[in-house]
Amino acid sequence: ILGKSELLSDVRSRLWFTYRKKFSPIGGTGPSSDTGWGCMLRCGQMILAQALVCRHLGREWRWVAEGTQPVEYQRILHCFLDRKDSCYSIHQMAQMGVGEGKSVGEWYGPNTVAQVLKKLALFDDWNSLAVYVSMDNTVVIEDISKCLGQRQAPCPLSHFHATSQHPLDWRPLLLLIPLRMGINDINPVYIQALKECFKMPQSCGVLGGKPNLAYYFIGFVDDELIYLDPHTTQLAVDSETGSTVDDQSYHCQRNPRRMKITSLDPSVALGFFCKSEEDFDSWCNLVQQEILKKRNLRMFELVEKHPSHWPPFITPTKPEVQTTGAGGSAALNLTQTLNLSAGYSVANL
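Residues numbered from 1 in each chain as written. Predicted model: local features only at pLDDT ≥ 70, side-chain atom pairs only at ≥ 80, totals over all residues. Heavy atoms only, no water.

A. Fine view of unusual backbone geometry. Not every positive phi belongs to a glycine, and Lys22 is a case in point at roughly 65 degrees. Inspection of the secondary structure puts Lys22 in the loop between strand E1 (20–21) and helix H2 (39–56). The phi dihedral of Ser128 falls on the positive side, at around 45 degrees, and the residue is not glycine. With respect to the element layout, Ser128 can be found in the loop between helix H5 (110–120) and strand E2 (130–133). Residue Ser128 is classed as partly exposed on the basis of its relative accessible area of 29%. (Helix = DSSP H or I, 4+ residues; strand = E, 2+ residues; numbered from the N terminus. Buried < 20%, exposed > 50% of the residue type's maximum accessible area, 1.4 Å probe, protein only.)

Structure below.
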């Protein structure tokens, strides 16, 4: 549970990515602004940036305006600048989305942006991040071990711990779980499970929103979700590689926005970051206790083995790269949300 000042500090410390204008045209001939179409891409940048902040700076790190920031912070920020050579720029994300069937300038849903992040992370040698995107509402531990490049599958769920018979080469892991929690509206049976996900120390937020309006959800208060809103158009920040970025416009310094949980579009993607194998072990146990054992209608499944009726799991590898202008492919790079309890009141926010 966070007090009001702690809550505001937490929100201000998150990297806030919004629409930008007057950046170099995407693909050389494409749009120079993402206003009206890039909101889910910006939310994808935010959930990934939160994972990277927790990986390098820790969940308790706080941003101070006008303060001196760590070198790692500046390096993280450079990954997201609106430049064609930044690993997770709007340019790279939009062009990588072509491979997911999305034209540059087309609106994305949560699953598509999750797939784009998974591919772009393969080019990010600095963070060495493994991104796993679940399929059919099911997280498969065996597939995660392959995604991490491990030599053998993890132990059973009941005792998922490193042992001398279980040598794992762990890499920081971002789990993205695309879900549909209803048909046209969120099914109320999932609301408590969604709250439990926000309270997990590994949570790094949720991608979702309303039809064609994407938000980055970071916590809840009572029956309202707290979110960062990318629907503000700012000038692109021009910064040379390796230079210090003027970061004032990358932090939301106003009160966070709130939305009734019942207004949430049922299509979302949950995000969890596990820096260590112990983090993942703990997350598995929490999911079993809070999501699987307590719910009649499960939000998602967690299984040990790859389902036999599924097609084989394909370990992610760098996509073949071919730049063909605005319509081409990309040219290529904690964690805890607010842990707000349902009884927490921020009436004055």
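B. Summary view of H5. Burial runs high along H5: eight of the eleven residues are buried. Taken together, the buried positions of H5 are Pro110, Thr112, Val113, Ala114, Gln115, Val116, Leu117 and Leu120.

C. Examining the environment of Pro25 more closely. For Pro25, the position within the fold is in the loop between E1 and H2. The class for Pro25 is partly exposed, based on a relative accessible area of 38%. As for Pro25 and Asp82, which are separated by 57 residues in sequence, their C-alpha atoms are 9.9 Å apart. Contacts of Pro25, omitting those with residues within four sequence positions, involve Gly30, Pro31, Ser32 and His91. (Contact = heavy atoms within 4.5 Å.)

D. Local environment of helix H1 (residues 4–13). Buried residues of H1: Leu7, Leu8, Ser9, Asp10, Val11 and Ser13, and no others. Tucked into the core, H1 has its buried residues touching strand E6 (213–221) and strand E7 (224–228).

E. Structural context of the pattern of salt bridges. By the definition in use, this model includes 14 salt bridges. Among the ionic pairs, Glu224 bridges to Arg258, the shortest N-O distance being 3.2 Å. A residue pair is termed long-range when its members are at least 10 positions apart, and Glu224 in strand E7 and Arg258 in strand E9 (residues 257–260) qualify at 34 residues. Using a relative accessible area of 29% as the deciding quantity, one classes Arg258 as partly exposed. Each of Asp10, Arg14, Arg59 and Arg62 takes part in salt bridges that share partners, so that together they form one network. (Salt bridge = Lys/Arg side-chain N within 4 Å of Asp/Glu carboxyl O.)

F. The pairing of E6, seen in detail. Counted residue by residue, E6 has eight buried out of nine residues, so it is predominantly covered. In this structure, strand E5 (residues 203–210) lies alongside E6, joined through five bridges in antiparallel fashion. Each residue of the ladder has a partner; that of Gly209, found in E6, is Ala214. Connecting E5 to the next strand, E6, in antiparallel fashion are two residues, including Asn212 with a positive phi near 65 degrees. In this antiparallel pair of consecutive strands, E6 and E7, the connection spans two residues, and Asp222 shows a positive phi of 55 degrees. (Pairing = 2+ DSSP bridges.)

G. Highlighting the confidence of the model for the chain. Put simply, the chain has an average pLDDT of 85, and 84% of its residues get 70 or more. The least confident element of the chain, judged by mean pLDDT, is H1 at 87; the most confident is strand E10 (residues 267–274) at 98. A low-confidence stretch, residues 158–167 stays under pLDDT 50, and its non-local contacts, those more than four residues away or across chains, total 19 contacts. Every residue in residues 323–349 scores below 50 in pLDDT, and together they form 111 contacts with partners more than four places removed in sequence or on other chains. (pLDDT = per-residue confidence, 0-100.)

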